[in-house]
Amino acid sequence: MSDSRTDGPVVLDVWCELACVDCQSALADLRALRARYGDRLDIRLRHFPLEKHRHAFAAAQAAEEALEQGQGWPYAEAVLARHEELAARGEPLLVEVARELRLDEEEFDTALIDGRHTLIVDADQAEGKAIGVTGTPTYVIDGERLDGGKSQEGLRERIEEIADRLLAGG
């Protein structure tokens, strides 16, 4: 018999869209969770690009390339901070952010052209739909889905309750 606690960190999946103002608002909570738990909480960026945002799918692919180059969250946060500019400029902004973070810009540009991360983004989106994600941000921790698209109110506290329980072994 196994309990829900593993020897590794607690996993928090964050279904996000890099053109989403609510996801940008959620960054403060994610930073606070990182500060509180460090490597005991694995915050995983999951992609849920919405059709209403024209450059969201490309941004998700770009975030995957940044992750491959070791800068997933810093890249996502930098793009979210400029979500209005993303709407206006699209892919040139995605490459510019990569350059600012000193990522391999040429590899980045090639990844956006060849679509090497399309399957990951598609799989995230399909999994999100399968578990009932309808908007962003949506958090999943220990099988519980928390919808932050309408309000962030109380969500960090709920995530902390669940994480604390799991980390305590119960």
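Residues numbered from 1 in each chain as written. Predicted model: local features only at pLDDT ≥ 70, side-chain atom pairs only at ≥ 80, totals over all residues. Heavy atoms only, no water.

Visitor: Explain the overall build of the chain here, please?
Guide: Each helix and strand in the chain was counted, giving eight helices and four strands. If you list the helices and strands of the chain from N to C, you get β-α-β-α-α-α-α-α-α-β-β-α. On C-alpha atoms alone, the chain measures out to a radius of gyration of 16 Å, which is about the 15 Å that the 2.2 N^0.38 rule sets for 170 residues. Here the C-alpha coordinates of the chain stretch approximately 50 × 30 × 30 Å along the principal axes. Relative to its 170 residues, the chain shows a buried fraction of 46%. Summarising the internal contacts of the chain: among those between residues at least 6 apart in sequence, 69% fall at separations of at least 24. Carbon and sulfur atoms make up 48% of the accessible area of the chain, which totals about 8700 Å². In the chain, the 20 positive side-chain charges and the 35 negative ones have mean positions that sit 3 Å from each other. (Helix = DSSP H or I, 4+ residues; strand = E, 2+ residues; numbered from the N terminus. Rg over C-alpha atoms; globule rule 2.2 N^0.38 Å. Buried < 20%, exposed > 50% of the residue type's maximum accessible area, 1.4 Å probe, protein only. Contact = heavy atoms within 4.5 Å. Areas by Shrake-Rupley, 256 points an atom, 1.4 Å probe, with all protein chains shown as cover. Lys, Arg positive; Asp, Glu negative; His and termini not counted. Charge placed at Lys NZ, Arg CZ, Asp CG, Glu CD.)

Visitor: It is not clear to me how the packing of aromatic side chains should be interpreted in this structure. Could you clarify?
Guide: Between two aromatic rings, the relevant description is the distance of the centres plus the angle of the planes. Under the defined criterion, the tally for this structure stands at one aromatic pair. Consider the rings of Y75 and F108, whose centres lie 5.2 Å apart with planes at 45°: the pair is tilted. Placement of the pair is Y75 in helix α3 (residues 72-80) and F108 in helix α6 (residues 105-114), with a sequence separation of 33 residues. Across the pair, F108 and Y75 agree in class, each one buried. (Phe/Tyr/Trp six-rings, centres within 6.5 Å; stacked < 30°, edge-to-face > 60°.)

Visitor: Explanation requested: the packing of helix α2 (residues 56-68) against α6 in the structure shown.
Guide: Axes are the key here: two packed helices are described by the angle between their axes and the distance separating the axes. For the pair α2 and α6, interaxial distance at closest approach is 10 Å and the crossing angle is 135°. Viewed along their axes, α2 and α6 adopt a mutual orientation that is oblique. The two elements α2 and α6 meet at a crossing, and its hand is right-handed. Mapping the contact onto sequence places A58, Q61, A62, E65 and A66 in α2 and E107, F108, A111 and L112 in α6. (Axes fitted to C-alpha atoms, helices over the stretch in contact; angles between N-to-C directions. Parallel < 35°, antiparallel > 145°, perpendicular 65-115°, else oblique. Left-handed = near helix turned anticlockwise from the far one by under 90°.)

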